[in-house]
Amino acid sequence: MDPEVSARSPVMVDVARMAGVSHQTVSRVLNDHPNVRPATREKVLAAIEQLGYRRNRTARALVTRRTNTLGVVAFDTTLYGPASTLFGIEQAAREAGYFVSIVSLKNITRQGIDEALDYLAEQSVDGLIVIAPQRSAVDALAGRPPKMPAVAVEGGEAGELPVVAVDQVEGAKMATRHLLDQGHRTVWHVAGPAEWLEAEGRVRGWQQALEESDAPVPEFIRGDWSPLSGYQAGQELVKRRRDGAAPVVDAVFAGNDQMALGLLRAFGEAGIRVPDDVRVVGFDDIPEAEFFSPPLTTVRQDFAEVGRQSMSMLLAEIDSGPRRSSARRSIVAAELVVRASSAASG
């Protein structure tokens, strides 16, 4: 190798010189142009490997007007769902050859979202994915940079934006029908926070499943996704059970697995056996769910598929320009995973 090249980072001209071709030919190889002979392509790729050449992203962006970087705005990634969704998007972006610039917000405010969008716009990202599990996040997306291709994940009816979402309603219906099929007259529900679109979808699915089976629809208890709120809801359900609530509390669908964990502790402290006295189903299938006592029946979300579909939809928007008048909605199926917490008694 040329000593001069060894002392600095190799550039395209160095690759061309080693391969014995023009720099235009190197560019065609790098951009996977079809009009390059296989033997020439092999020589160029060998030179790239030997020199350790890496493309200059800034120079490439000036030519293609693309940075190969996507912006992602995420909210409260301490929770399993948003964190897993973000991971699925990152994986899908890497597979598609894109870098990801992430802004994670603990709380959703219009100012915070505007600042995140401004920050990503300044980086000239090619497109934007917003994990929008709350109504306020969806509303704030109207202020995104004009002509910025964007996709909302779990964004409900996000207006003009394309949306990718897990079928929360059908997942909740599967959980509820599973408990009804065990012979219970009805199913009680511990719901997530009112502002969360996933919580709303799960409440709606639970209600629909009960109504379709002509089962009573008890008043649900509102939680905040945390095990503590599930524990407190469990204490309330224990009280209703002991007070002879009608219909009897013997089947509970929790809006997520963490709240189900709190339920299990509250029932255990009260001497109520799961599943012998009360059957419990959660939602999410967190990695710990199968190690709960008893192992938790739950609804699994395919976060990897959410990431793949989000990337596919966003890249289509980038290639054709934002089509705000023809927004699309892609729904990812949920899966019921049956374990001991809802098993048949004795």
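Residues numbered from 1 in each chain as written. Predicted model: local features only at pLDDT ≥ 70, side-chain atom pairs only at ≥ 80, totals over all residues. Heavy atoms only, no water.

## Regarding the pairing of strand S3 (residues 127–131)
For S3, the tally of buried residues reaches five of five residues, placing the bulk of the element in the interior. Across the two faces of S3 the burial is the same, with Gly127, Ile129 and Ile131 and Leu128 and Val130 all buried. Where strand S1 (residues 69–75) lies against S3, four bridges are found, and the strand directions are parallel. When the sheet's bridge partners are listed, Leu70 is paired in S3 with Gly127. (Buried < 20%, exposed > 50% of the residue type's maximum accessible area, 1.4 Å probe, protein only. Helix = DSSP H or I, 4+ residues; strand = E, 2+ residues; numbered from the N terminus. Pairing = 2+ DSSP bridges.)

## Some words on helix H12 (residues 257–269)
Its 13 residues give H12 an end-to-end C-alpha distance of 19 Å, which sits within 8% of 18 Å, the value for a rise of 1.5 Å per residue. Of all the positions in H12, only Asp257, Met259, Ala260, Gly262, Leu263, Leu264, Ala266 and Phe267 are classed as buried. On the buried face of H12, the contacting elements are strand S6 (188–191), helix H11 (227–242), strand S8 (251–254), strand S9 (279–281) and strand S10 (298–300). Immediately downstream of H12, the backbone of Gly271 shows phi near 75 degrees, a positive value. (Expected span 1.5 Å × (residues − 1). Contact = heavy atoms within 4.5 Å.)

## Quick look at the packing of helix H3 (residues 23–30) against helix H4 (residues 38–51)
Relative orientation of the contacting elements H3 and H4 amounts to 90 degrees, with a least axis distance of 10 Å. By the angle class used here, H3 and H4 are roughly perpendicular. The residues of H4 that touch H3, namely those facing Thr25, Val26, Val29 and Leu30, are Thr40, Arg41, Val44, Leu45 and Ile48. (Axes fitted to C-alpha atoms, helices over the stretch in contact; angles between N-to-C directions. Parallel < 35°, antiparallel > 145°, perpendicular 65-115°, else oblique.)

## Thoughts on the pattern of salt bridges
A full pass over the atoms with the stated rule returns 15 salt bridges. Where Asp243 meets Lys239, a salt bridge forms, and the shortest distance between an N and an O atom there is 3.0 Å. Asp243 gets classed as exposed once you look at its relative accessible area, which sits at 55%. Linking Arg300 and Asp285 is a salt bridge whose minimum nitrogen-to-oxygen distance equals 2.7 Å. Note that Arg300 is positioned in strand S10 and Asp285 in the loop between S9 and S10, a separation of 15 residues in sequence. Residue class for Arg300 comes out partly exposed when judged on its relative accessible area of 33%. (Salt bridge = Lys/Arg side-chain N within 4 Å of Asp/Glu carboxyl O.)

## Concerning the sheet that holds strand S7 (residues 221–222)
Strands sit in the order S7-S6-S8-S9 across an open sheet of four strands; the sheet is parallel. Where the open sheet ends on each side, the last strands, each with one partner, are S7 and S9. Running at roughly 165 degrees to S8, helix H9 (residues 168–181) makes contact with S8 and S9 of the sheet. Along the sheet face, H12 touches S6, S8 and S9 and points at about 145 degrees away from the line of S8.

## With respect to the nonpolar core
Formed by 36 residues in total, the largest nonpolar core has its most connected members in Ile129, Ile131, Val187, Phe253 and Met311. Examining the composition of this core, we find that five residues originate from one element, helix H13 (residues 303–320), more than from any other. Here Met311 is in contact with Leu70, Ile89, Ala92, Ala93, Ala96, Tyr98 and Ile129, once residues within four sequence places are set aside. Core analysis: the second largest hydrophobic core is formed by 25 residues, Val190, Val249, Val252 and Phe292 among them. (Core = buried A, V, L, I, M, F, W, Y, C linked by side-chain atoms within 4.5 Å.)

Note that all results are geometric; they support no functional claim without further evidence.
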